[in-house]
Amino acid sequence: MTDLYDDDGQPVEAGEEQKSKVYAVMPLRNTVLFPQQVIPIYIGREKSLKLINDLDKSTKHIVVVAQEDGSIEDPTPEDLYSFGTLAVVLKVFDMPDNSKSAIVQGVERVKLLNFVGDEPYYSAAVETVGENVYPEDLEIDALANNLRKIFGDLIKVAPNLTEEHSGMLSNIQKPARLTDRAISLLTVSNSEKQQVLEELDVKKRLERTNSIINREIQRIKLGEEIQSEVHDEIAKSQREYYLREQMKAIRKELGEDEGTVELKELEERIKKARMSEEAEKVATKELDRLGKIPTQSPEYSVARTYIEWLADLPWSSATEDTVDIKGAKKVLDEDHYGLNRIKERILEYLAVRGLKQKHDPDGVVRGPILCFAGPPGVGKTSLGKSIARSMGREFIRISLGGVRDEAEIRGHRRTYIGALPGRIIQSLKKAGTNNPVFMLDEIDKLGMDFRGDPSSALLEVLDPEQNYSFSDHYLEVPFDLSNVMFIATANYRDPIPPALKDRMEILEFSGYIEDEKVKIAQRHLVPKQIKENGLTDKDVSLDVTGIKELIRSYTREAGVRNLEREIANVFRKVARNKMEDEEGKIKVTKKKVNSYLGAPRFYSDLSERTTKPGIVTGLAWTAAGGDILFIEASQMRGKGQLTLTGQLGDVMKESATAALSYVRSHTKDLGVKDDFHKETDIHIHVPAGSIPKDGPSAGVSMLTALVSLLTNNRVKDHLAMTGEITLRGNVLPIGGVKEKVTAAHRSGIKTIILPDHNRKDMEEIPDHIKKDLEIHFAKDMLDVIKVALPQIKAKKAKKAPAKKTKTS
């Protein structure tokens, strides 16, 4: 190691210089110089060259300071650290490119107090900084020994260190010099080295250096592990590649190379599939093309996938239909109560198919295309499963709710990456037969956007005259769908496009009446919920009064979904009681239902609402099946103004105006004052004002309410009516008779007035409902008045008496 000399050329010890003195400052880009360390530095910047040229040849002392950012070409004082190292320049060399190189040796740590000049180079006042000394401290010795040990461990893994460096450290006894020497040999960042340089407490400096060395060992070991793993992976991949190549060579010698084997398998699958002539021709052509494509080509997998799709479709695979009509009827009755019209349609199809196959085994019976339309919860989807079971066919279902892309139905063309057939073909492949029961759920909720109109794509699928040659965009060969029995479901008929609606046989599902709900609950819902809630028949029973209380007071729906939820609610509470009290069998009655579920949510206010003149009960059709509504009329002093409220539509408002005009033109017949309109304002309101209402069928109810109001006579109790009126008082037919009559029966109505032209619709109403109701048919309004307001002796010239039917 080179000795240090003072200004007179005499050797000196570090730390004997003046405490504060001005020195030239040389910034270092990517180096931190420690005391007693000798390093070469390259000098190329203009200020640094001037500093070396002006160096006092007698002392040769400068201060070197590391830059915070080594990329700065011309650093300012703010770009330099505040601690540096006083150094002596031992030797200067001239370089060929007019730059210089110097060898400098660190003397001691200094702190830059302030810069006193910046031209032609920086100079600053500095002071030497002392170190905290720990005389004979055992912890210091332990830290120093540990540093030597882990530095030896670092030498074993670091490629740039040798045993010579370890020996160099073993000869250094002072802990402060030991840390400086050790950290100067490491390839760590300048900021970490600078932290060690600025640390004046020797113990903390040792601890920091130990930490840095340990981290460096871990970093090097982790890098070696990663490199080893990468090398192993590469070696494994190479080994697999060589083995595959050898396998290919062996198979080639045996005439069994991979491509040939795969082509033979595909050829066998094509023959086994028994495709149509056109499809087999396309598949064979595609197979020949596949044999000419290299297996590594992306086009190979595209062509192979296409052939596999063709081979996997059920071209000739079909299940045999049940010919036992009685057995099929038994299956349908087991799964669903009621729905007789739909069951009859299925049994008719089975009968026709059985007879046709008996007379002509090779004849084709096209599957019917049905649409089950009705409110939620009436069993449309579940009936489809029962139909498949009764016929012995596979059942597949796709939901069309929210589908907006035509490709969902027809598939994508093979030019697109990742193209697949549409959901029709995919479902048939999944079913494995070409004659399943195929349910298209929620067909009324199809959408359309810039990607196409799925309902238009369904036109071909659901047309018996076209679907024998359905063409999917992906397959591009016709597939016969004529054996498939398509069943669509919808809550509303109106959103279905007319062209699509025309291709389907629509079967209406009306709401269940109370008796039907009781039977459904007893047969299906109660046993199901007993099982799902961990109970048995020995634990609980729900009697008829309890079921009826659930239907009347806790649900108001056309289907049975909410009824099932309320039954589950009751049984959950029973299960809790069983776990807490270990009671015997619990019999759930009407009283128990009320105690479990609390106050009733629905109640019939029919008797209270119709106790005053001017109030009439009407019948309305809703998406939930049907309901009753109240027409309320009130009069006050005024000038003949008619006010209508309750969110009424234009048609309903016109019905009210027509009713008032009829009353004004028949005041004598109805017993109303001739000039009532001159001094009376009339207000007609239909409650449930937040619900929009429209349609002509409330005309009869509005006219009856006006007559009741103006004659101050109450309408007959438990009576409801529906029908459209004309200015002449004729009663015109309306729709939704079954739903309206069912709703009236459910609400406790005893007498109903219907238009005479709707007499034919009575066939659809179950006998047990007709048995409970007194139904009158009216041709004009005077017929209605005689039944609804018997107190009024309305005059009816040359008219037959009102026709009354009492069904029993």
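Here, every reference points to the structure presented above.
Residues numbered from 1 in each chain as written. Predicted model: local features only at pLDDT ≥ 70, side-chain atom pairs only at ≥ 80, totals over all residues. Heavy atoms only, no water.

## Comments concerning helix H28 (residues 781-788)
Then step 1. Across the eight residues that make up H28, a large majority, seven, are buried.
Then step 2. For H28, the full list of buried residues reads Met-781, Leu-782, Asp-783, Val-784, Ile-785, Val-787 and Ala-788.
Then step 3. Looking at where H28 begins, the residue whose side-chain oxygen comes 3.1 Å from the main-chain nitrogen of Leu-782 is Asp-780. (Buried < 20%, exposed > 50% of the residue type's maximum accessible area, 1.4 Å probe, protein only. Helix = DSSP H or I, 4+ residues; strand = E, 2+ residues; numbered from the N terminus. Polar contact = N/O pair within 3.5 Å; in protein donor to acceptor, adjacent residues only side chain to side chain.)

## What to know about the nonpolar core
Then step 1. Residues Ile-424, Leu-440 and Ile-443 are the most contacted members of the largest nonpolar core, which totals 53 residues.
Then step 2. The leading source of residues in this core is helix H9 (residues 298-312), at seven residues.
Then step 3. Membership of the second largest hydrophobic core comes to 48 residues, among which are Ala-521, Tyr-554, Leu-563 and Ala-575. (Core = buried A, V, L, I, M, F, W, Y, C linked by side-chain atoms within 4.5 Å.)

## Here we look at the packing of helix H2 (residues 138-157) against helix H3 (residues 163-170)
Then step 1. Relative orientation of the contacting elements H2 and H3 amounts to 170 degrees, with a least axis distance of 9 Å. Considered as vectors, H2 and H3 are oriented roughly antiparallel to each other. Residues Arg-148, Phe-151 and Ile-155 of H2 lie in contact with H3, whose contacting residues are Glu-163, His-165, Ser-166, Leu-169 and Ser-170.
Then step 2. Of the residues that constitute the contact of H2 with H3, the class distribution is three nonpolar, three polar and two charged. (Axes fitted to C-alpha atoms, helices over the stretch in contact; angles between N-to-C directions. Parallel < 35°, antiparallel > 145°, perpendicular 65-115°, else oblique. Contact = heavy atoms within 4.5 Å. Nonpolar A, V, L, I, M, F, W, Y, C, P; charged D, E, K, R; others polar.)

## Focus on empty space enclosed by the protein
Gaps left between atoms are located by rolling a probe of water-molecule size over the structure's atoms.
Then step 1. Applying the stated criterion across every chain, the model contains five cavities of 30 Å³ or more.
Then step 2. Lining the largest cavity, in full, are Phe-34, Pro-35, Gln-36, Gln-37, Ile-172, Arg-177, Asp-180, Arg-181 and Ser-184.
Then step 3. Looking at side-chain class alone, the lining of the largest cavity contains three nonpolar, three polar and three charged residues. (1 Å grid on protein atoms, 1.4 Å probe; cavity = no way out; pocket = protein on both sides within 12 Å on 5 of 7 lines; lining within 4 Å. Points joined across faces, edges and corners; volume = space filled by probe spheres on them.)

## A closer look at the side chain of Lys-770
Then step 1. Relative to the helices and strands, Lys-770 resides in helix H27 (residues 767-772).
Then step 2. Exposure remark for Lys-770: the relative accessible area of 16% places this residue in the buried category.
Then step 3. One polar contact links the side chain of Lys-770 to the main-chain carbonyl oxygen of Met-762, over a distance of 3.3 Å.

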